[in-house]
Structure formats: C-alpha cells, structure tokens
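Per-entry structural report
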Amino acid sequence: MRIAQLLKSTDYGTKVTVKGWVRTKRGNKNVAFLALNDGSCVANIQIVADLAKISEEELKPVTTGACVAVEGTLVESLGAGQGVEVQAETIEVYGTADPATYPLQKKGHSLEFLREIAYLRPRTNTFGAILRIRHAMAYAIHKFFNDKGFYYLHTPLITASDCEGAGEMFQVTTLDLDNMPRTEEGAIDFAQDFFGKPCSLTVSGQLEGELGALSMGQIYTFGPTFRAEHSNTPRHLAEFWMIEPEVAFFDLKDNMDMAEEFLKYLIRYALENCREDLEFMNKMWDNELLDRLNFVLENDFVRLDYTEGIEILKASGKKFEFPCEWGSDLQSEHERYLVEEHFKKPVILINYPKDIKAFYMKQNEDGKTVRAMDVLFPKIGEIIGGSEREADYGKLSARIKELGIPEKDMWWYLDTRRWGSAPHSGFGLGFERLLLFVTGMSNIRDVIPFPRTLKNAEF
Ligand code: ATP
Ligand code: MN
C-alpha cells in the first residue's frame, strides 16, 4: 500500500508492508523512529522499531536515503499531527545510502544546489510536491478538453518548415558534421540528409493544429516544444511543453473566453485535488500562493487593447529598463506592471501591431494591427499567446510574400484557405509557465524534472 493511503487508514491492528526511502532516523537505546516516504505525499509515515525486536546491528544500514521494506502493524499514533504509525516487525534493506556521500542529508538545501543534483531532487518534499502537481495539471488538461469534445491531435516534433522561429530552431540532421556533402556550388547538400531537406525540432504545433481544427472542428495538442533560447531567463526553457487548442468557428472573443475558462479550471482543479501539496508550497516557498490562486479564480480578467496598454505604460511615469513605444514588443517588466501594479488582475492584451506578431494572425481593418491576444499573469508575465487566424487566402498569401517566407514551405498551409476555409482561433499555453503560477516557484528550471537550458542538458 502507498503511504498516502496508509496515513488515511483507521484499520488499527492490521499487518502492513510499507516500502520507501528513509528521510530521518532518530531515537534512543530502546527504540528507533524512522520517517519513511514513498513519493505518494508530502507526509512521512513513522516507523517505530523496538530494539528488543530489531537489533541495533540491523538498524545500522538504515540511514537517511536508504530504501527499505517494513513489515509491521498499523497502530494509532500518539504523536501530534499523525494519525497512524507502523510498529515494525521486520525491516529489509533494499539499498543503503552511505551518509558520507549521499547528498540529501539535511533539510533545507537551496534550490540552486538541488538543480545540480536534479536526478535526486524528486526525493525531496518540495520536488515531490511539484511533480505531483505537474502530474495533476497534465491530467486536468486532458480532462478539460476531453469533457468538451476536443480531440487530442499529435502534431510532429520534426518539421521542415522554418517559417516561425527562424534562429530559435534546433536543426535535426544525420549528416556527418566533419564531412558535410556539398553541392557543386559549395552549399551543404541537404538532398543527402535523412529527410532530403533541412529539418528542425518544432517550436509549435500550431500550423498542423490548424489543419486539425479545419477538419475535426476542435483539437488540442500537448507535447514538447523546442526553442534555442539564447537568453538565460527564469521563464524560458530550451525544451518545454505546450498546450495548443485550435477551434473552428471561434473568433478572438471566443478564444479569450476559452483561455480564461481553461486557466480557471486548471487552478480550481489544483485547489481541489492538490490541497496538501499546495499548502506545503505555500508554507515553504510563497506565503501568498493560495491567496493568489483564489484571487485569479474570483476575478474577471481585464481585456485591453495593446494601444491602450502602451498609453497606460507611458502615463505611468515609471522608469523601465526597456523603452515602450507603440510598435515595440512588451517586455516582462511592462507586462508585470500592467498586471501587478496597474490593474492588479490578470490581463488579456489584444490587437497588437502586426509587425511584432506572426504572419498567420488575422489582420484588422485598420491595416496596422492583428487579432492577437496575450494572457498576462501576476509573477509570470505572458502565460498564453494566441490569436484569431487569418482565414482569407488572399490576405494570408500577401502577408507571406511580404515577409519573404518561402511559399514552397507553406503551400499546404495555404491550401486550407483555398478549400473550405473557416474562421478559427487558438492559443498556446506554456505548461511550465502554468506550473510556475500554480506552484509559486519562481524559476522555470524548478517545475520540470530535467530542465534543458543554454549550456545545460544534464541527466
Ligand atoms: P515570450 O515572449 O515569453 O518568450 P513567446 O511570445 O515566445 O513568449 P509564444 O511563441 O506565443 O511565446 O508561445 C506560447 C506560450 O509558450 C507562451 O505564452 C509561453 O507560455 C510559452 N513559452 C514560450 N517560450 C517558452 C520557453 N522558452 N520556455 C517555456 N515556455 C515558453
Ligand atoms: Mn519567446
């Protein structure tokens, strides 16, 4: 039985077997107390070993970090705050952990230190809690969409279109880097590469997601995404997970409604299903976490034009590190000013200048802006980026030409606007940005088991 279940049991007197890792051992010459954890919850179960039954010699290898199986009797605990404990009859040691070398000896290691031993950090309370919340959120995402009749579409991770994240993409090749085949002109001959042309890891599943929406009506993707982010920030990973719903017949307003409903659903799910872990995070790392989660649930998101947002920022009198003029992309500091200081609520910023947004966004009548939307959250900044898509063949192909995107890469995408085009919208939610918000952590490296960032691909 898992410790989470055992701790709720009231079957006093029954024989039980528990298996897990020793967090601490203390005691005296008559009795030893072990705190055992198996990853199923924050709480440990207390194992009481009577030294008359289990010799000191046997208990010697049972140190912090060791893995053991305990057989014994479940009894009501007299200690405060714990319902049950196990009176051990036998203790079998599966694996010892030499105290001279095992790194997780004391409580309260720094997050920086734990990042260096990311392969062991799931054995700590903090990372146990984060990874359980991560699991619950992944499940809730599938549940949300499934209950609404969306289909989970698997979009490719290897792609030949480089239209979106030029410069940010990781190339995929099987060519010999020390001996590249060359064309007569001296260029690299990708015809000899595995796929017969240059390929990369995807920066987004959206373009293929749109094909799904324009056939199955409402789809979502949920998969890994790769961006060669050269700036080291606490909000960017080189490998992250993204959720991208795409819906036929949705306009920008429908898209905003879906984003708001989706985020609130996930936060409510966490509050209802991850209570202990959230309370732990609130106590240990961020005393305002639970308040912030409830606050987002209780308030409508502000919906605001980019142009108005710029005016508010300019009128704020605040000295920002980066300038903000109409036409410039908002930096995290600007986003957070609007959310945390001005409105004190999540903000959905819409109708951005077309030159700072992607080619596929629906053009507004003003000729200057597109129907983009970014959802901005406290502590995070941008958590969602999305838009209504340009459904008009003429406008879309003109924009593609204008930006010099090779049509040979885009013909299949344009074809959807040639045959049976439809208004449609969608967005991308960064899974780890969501987890930053839900766990209260402040560095994105701490909400994914094995972070990949510039100069770091350990474990
Ligand atoms: P940012 O301006 O923060 O770099 P972006 O504009 O590049 O974000 P989009 O291309 O709109 O982001 O991607 C959709 C969502 O994916 C973002 O809203 C964010 O939640 C998430 N995201 C983007 N880049 C990263 C990254 N490098 N690491 C983790 N999440 C990311
Ligand atoms: Mn980015």
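Up top you'll find the structure we're talking about.
Below, the structure is looked at part by part. What you see is a predicted model, and the numbers here were worked out from it, not measured in a lab.

With that out of the way, let us pick up the site of ligand 1. What surrounds ligand 1 is a group of 15 residues, the closest being R227, E229, H236, E382 and I383. Backbone polar atom of I383 to an oxygen atom of ligand 1: 2.8 Å apart, as the coordinates give it. In this structure, an oxygen atom belonging to ligand 1 sits 3.1 Å away from a main-chain N or O atom of G430. Its free accessible area being 580 Å², ligand 1 has 79% of it covered by the protein chains. Of all the secondary-structure elements, those providing two or more residues to the shell around ligand 1 are β11 (239-248), β15 (381-388) and β16 (424-430). Sorting elements by how many residues they give to the shell around ligand 1 places β15 first, with four residues.

Here the focus is helix α8 (residues 289-298). When α8 is considered as a whole, its buried residues turn out to be L289, L290, R292, L293, V296 and L297. With its buried residues spanning 165° around the axis, α8 presents them on a single face. Opposite the packed face of α8, turned more than 90 degrees from it, sit the exposed residues D291 and E298. Where α8 is buried, its residues meet α6 (252-273), α7 (275-284), β14 (369-377) and α13 (431-439).

This paragraph deals with the pairing of β14. Counting buried positions over the nine residues of β14 gives nine, a clear majority of the element. Where strand β13 (residues 347-353) meets β14, six bridges bridge the pair, whose relative direction is antiparallel. When the bridges of β14 are listed, L349 appears paired with D374. Pairing analysis gives six bridges linking β14 to β15, with the strands arranged antiparallel. Bridge pairing links D374 to G385 in β15. What sits between β14 and β15 in their antiparallel hairpin is a turn of three residues, with K379 showing a positive phi close to 70°.

The rules behind the values
- Residues numbered from 1 in each chain as written.
- Chains lettered and ligands numbered in written order.
- Predicted model: local features only at pLDDT ≥ 70, side-chain atom pairs only at ≥ 80, totals over all residues.
- Heavy atoms only, no water.
- Near = heavy atom within 4 Å.
- Polar contact = N/O pair within 3.5 Å; in protein donor to acceptor, adjacent residues only side chain to side chain.
- Areas by Shrake-Rupley, 256 points an atom, 1.4 Å probe, with all protein chains shown as cover.
- Helix = DSSP H or I, 4+ residues; strand = E, 2+ residues; numbered from the N terminus.
- Buried < 20%, exposed > 50% of the residue type's maximum accessible area, 1.4 Å probe, protein only.
- Arc of directions from axis to C-beta.
- Contact = heavy atoms within 4.5 Å.
- Pairing = 2+ DSSP bridges.

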